[in-house]
Amino acid sequence: MGEGQIDEEWAKKMRAALAGDEAIYRQLLEEIARSVRAMARGAFARSRVGDADVEDVVQETLLAIHLKRDTWDGGLRLAPWVGAIARHKIIDALRRRGARQYAPIEDFEAVIPAPEGDDPHDLSDADRLISQLPARQQDIVRSISLQGQSIAATAARLSMSEGAVRVALHRALKSLAEAWRRMSQ
Amino acid sequence: MKTSDLIAALAVDPKPRGMALGQRFAIALAFGAIVSACAFALMVGPRHDIARAMGSMRFDWKFVDTIALAAPTGFLAWRLLRPVAKAGPWMIGLFVPAIALGGSLAMELMMTPSDLWLTKLVGSNALHCLMLIPLLSIPPLAALLFVMRAGAPASPRIAGAVAGFAAAGLAATLYASNCTDDSPLFVATWYTLATAIVVAAGAILGDRLLRW
């Protein structure tokens, strides 16, 4: 499959996701994660920064993609938008790690077809930052992410409405992004 | 936390809630403009001889200048919410007010004897202009920056500065109906200086508030 086709697939999936398709959204985010990981590795290597925490950048980028998803203009292509967000986050991360100069980041499209292996990531930024959230938010984020529970199951366990769980999850993710951003200042 | 765990938490909520970004932006802009207009009406209001002034070319042209500033920069601020938007090509929008102002300035210099230039430039409302335009810019600038926090501008500083241009354009449109100095020499000097103050504030605030 050529790059253009992959991009059209991505745009199609994003449209389905924005219309509410959870399974497709998950699949799309997995694919985006692989591409961003390849892109970040390349950028870290070229700036001569070790790639120990490439995965943190991948996660920060995914979070930004999720929270800023209504800044995609809904056109035929998704990759340029994903690439712009990833580039923004990678440059931030390199700056944070004191890379005095960062090699220009290659065009995102060039790294799209680069599947990567599994990520062995345990004590990450995300873990530390999540543990600073209010208890209820922590509980909701962990229950859905680490324990893989559904919104409905989480809502039942905490005797909350599903809508309230969604709102709390959204707030938690926003605070997480905010905490990440503060780290880079 | 593994990336797949994070993805699990993101994927359960694919559908964005609430109003689209463009809608929120439009509402913020309208809200800021209305608040500013009310403040203007309460504080000073239009000049008393406005009915007569409206027939004069110099008076009317002030609105061409200010609207030529507000409209393209307001649109540009909206475009810059997207991370893929490049500010560069759109900055051409800033030529619109520059041309409107430059053209009227050239006419004024040709039509007015040179010994009057300084008097017209200094005018009688310079301080008023330098205070009122930034003051009236506060509501639209605040509203714009607030809504733009939901965006993802590639350069927060530039996005903030552009919001400053748009806010100053709105404020200057209101103020122009109060100001009795209609010479393009006055407008080119003091309106521009007042706009620069607002743009600088927008850049500084944008750099802090619009980071993501």
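Because the structure is predicted, anything quoted here is derived from the model rather than measured.

S.K.: I keep staring at the overall build of chain A and nothing clicks. Help me out?
M.R.: Summing up its helical and strand segments, chain A has eight helices and zero strands in all. In chain A, the order of α-helices and β-strands from amino to carboxyl end is α-α-α-α-α-α-α-α. The buried share of chain A, taken over its 185 residues, is 40%.

S.K.: Quick question: what am I supposed to make of the overall build of chain B here?
M.R.: Summing up its helical and strand segments, chain B has 10 helices and zero strands in all. Secondary structure elements of chain B occur, N-terminal to C-terminal, as α-α-α-α-α-α-α-α-α-α. In chain B, 90% of the contacts between residues at least 6 apart in sequence involve partners at least 24 apart.

S.K.: How should the packing of helix α2 (residues 22-46) of chain A against helix α4 (residues 79-96) of chain A be read in this particular structure?
M.R.: The geometry of a pair of packed helices is captured by two quantities: the angle between their axes and the separation between those axes. Residues and elements named next belong to chain A. Contact pair α2 / α4: the axes reach a minimum separation of 10 Å and the direction vectors enclose 40°. Taken together, the axes of α2 and α4 are oblique relative to one another. Like other packed secondary-structure pairs, α2 and α4 cross with a definite hand, here right-handed. In this structure, α2 uses Ile32, Val36, Met39, Ala40 and Ala43 to contact α4, whose residues at the interface are Val82, Ala86, Ile90 and Leu94.

S.K.: For this particular structure, what's the right way to read the interface of chain A and chain B?
M.R.: Frequently, the measure chosen for interface size is the accessible area removed from exposure when the parts meet. Residue-level contacts link 43 residues of chain A with 26 residues of chain B. If you list the elements that add at least two residues to the side of chain A that touches chain B, you get α1 (3-18), α2, α3 (54-67), α4, α5 (125-130), α6 (135-145) and α8 (162-183) of chain A. Each residue belonging to the side of chain A that touches chain B can be placed in one class, and the counts come to 19 nonpolar, 11 polar and 13 charged.

S.K.: In this structure, what is going on with α3 of chain A? I would like to understand it.
M.R.: It helps to recall that an α-helix has 3.6 residues per turn; residues three or four apart then point in one direction. For α3 of chain A, built from 14 residues, the straight-helix expectation of 20 Å at 1.5 Å per residue is met to within 8% by its first-to-last C-alpha distance of 20 Å. Among the 14 residues that make up α3 of chain A, 14 are buried, leaving the element largely enclosed by the rest of the structure.

S.K.: Mind showing me how you'd approach the packing of α3 of chain A against helix α1 (residues 3-11) of chain B here?
M.R.: Close contact between α3 of chain A and α1 of chain B brings their axes to 10 Å; oriented N to C, the two are set at 10°. Overall, the two elements α3 of chain A and α1 of chain B adopt an arrangement that is roughly parallel. Together, Glu55, Val58, Gln59, Leu62 and His66 of chain A of α3 of chain A and Thr3, Leu6, Ile7 and Leu10 of chain B of α1 of chain B make up the contact between the two elements. Grouping the amino acids of the contact of α3 of chain A with α1 of chain B by side-chain chemistry returns five nonpolar, three polar and one charged.

S.K.: Please explain the nonpolar core as it appears in this structure.
M.R.: Grouped burial of nonpolar side chains is what soluble globular proteins tend to show. Residues and elements named next belong to chain B. With 109 residues, the main nonpolar core has Ile133 and Leu144 as its most contacted residues. Among the elements that take part in this core, helix α9 (residues 156-176) stands out by supplying 15 residues, more than any other. Each residue touching isoleucine 133, except ones within four places of it in the same chain, is listed here: Ala168, Ala171, Ala172, Tyr175, Tyr191, Ala194, Thr195 and Val198.

S.K.: Could you clarify how one ought to interpret the environment of lysine 68 of chain A in this entry?
M.R.: Secondary-structure assignment places lysine 68 of chain A in the loop between α3 and α4. Linking lysine 68 of chain A and isoleucine 85 of chain A, residues 17 residues apart in sequence, is a C-alpha distance of 9.2 Å. Beyond its immediate chain neighbours, meaning those up to four positions away, lysine 68 of chain A contacts Ile85 of chain A together with Ala152 and Trp212 of chain B.

S.K.: Help me understand the environment of leucine 118 of chain B in this model?
M.R.: Residues and elements named next belong to chain B. Tracing the sequence through the fold places leucine 118 in helix α7 (residues 117-122). Assessed through the 9 C-beta atoms surrounding it within 10 Å, leucine 118 is described here as exposed. In the structure, leucine 118 is positioned 89 residues away from aspartate 207 in sequence and 38 Å away in space, judged by C-alpha atoms.

S.K.: Hey, could you run me through the confidence of the model for chain A in this one?
M.R.: Regions with low pLDDT should not have their predicted coordinates read in detail. Chain-level statistics for chain A give a pLDDT mean of 85 and a share of 84% at 70 or above. Looking across chain A, the model is least confident in α5 of chain A, with a mean pLDDT of 86, and most confident in α3 of chain A, with 94.

S.K.: What is the right way to look at α4 of chain A in this model?
M.R.: All names here are of chain A. Taking 1.5 Å of rise per residue, the 18 residues of α4 would be expected to cover 26 Å, and the 25 Å separating its terminal C-alpha atoms lies within 8% of that figure. With 13 of 18 residues buried, α4 lies mostly within the body of the structure. Just downstream of α4 lies glycine 98, where phi reads positive at about 75°.

S.K.: Would you take a moment to explain unusual backbone geometry for this structure?
M.R.: Where the residue is not glycine, phi is negative for most of them; where a peptide bond is considered, it is trans in most cases. Residue and element names in this part refer to chain A. If you check the backbone angles, serine 159 has positive phi at about 45° while not being a glycine. Mapping serine 159 onto the fold places it in the loop between α7 (151-157) and α8. Taking the C-beta count within 10 Å as the criterion, serine 159 has 7 such neighbours and is therefore assigned exposed.

Rules and cut-offs
Every chain is numbered independently, its residues counted from 1 as its sequence is written. Naming scheme: in the order in which they are written, chains are lettered from A and ligands are numbered from 1. Given that the model is predicted, a residue must reach a pLDDT of at least 70 before its local features are reported, and side-chain atom pairs must reach 80 or more before they are shown or counted; all residues, however, enter totals for whole chains, interfaces and linings. Each helix is a run of H or I in the DSSP string that is no shorter than four residues. Each strand is a run of E no shorter than two, and both are numbered from the N terminus. Put simply, a residue is buried when 20 or more other C-beta atoms lie within 10 Å of its own C-beta and exposed when 12 or fewer do; between those, it is partly exposed, and each C-beta is set from the backbone. We call two residues in contact when the distance between their C-beta atoms, placed using the backbone, is within 7 Å. Fitted lines through C-alpha atoms give the axes, limited to the stretch in contact for helices. The angle between two N-to-C directions lies from 0 to 180 degrees. Each angle is binned into one of four classes, with values under 35 degrees roughly parallel, values over 145 roughly antiparallel, values of 65 to 115 roughly perpendicular, and all other values oblique. Crossing chirality is assigned from the near helix's rotation relative to the far helix, an anticlockwise turn below a right angle marking it left-handed and a clockwise turn marking it right-handed. Under the scheme applied here, ten amino acids are nonpolar (Ala, Val, Leu, Ile, Met, Phe, Trp, Tyr, Cys and Pro), four are charged (Asp, Glu, Lys and Arg), and all others, including Gly, are polar. Here, expected helix span is obtained from the residue count minus one, scaled by 1.5 Å. Note on terminology: a nonpolar core is a set of buried residues of type Ala, Val, Leu, Ile, Met, Phe, Trp, Tyr or Cys, with members joined through C-beta atoms within 7 Å. Confidence scores per residue from the predictor, reported as pLDDT, run from 0 to 100.

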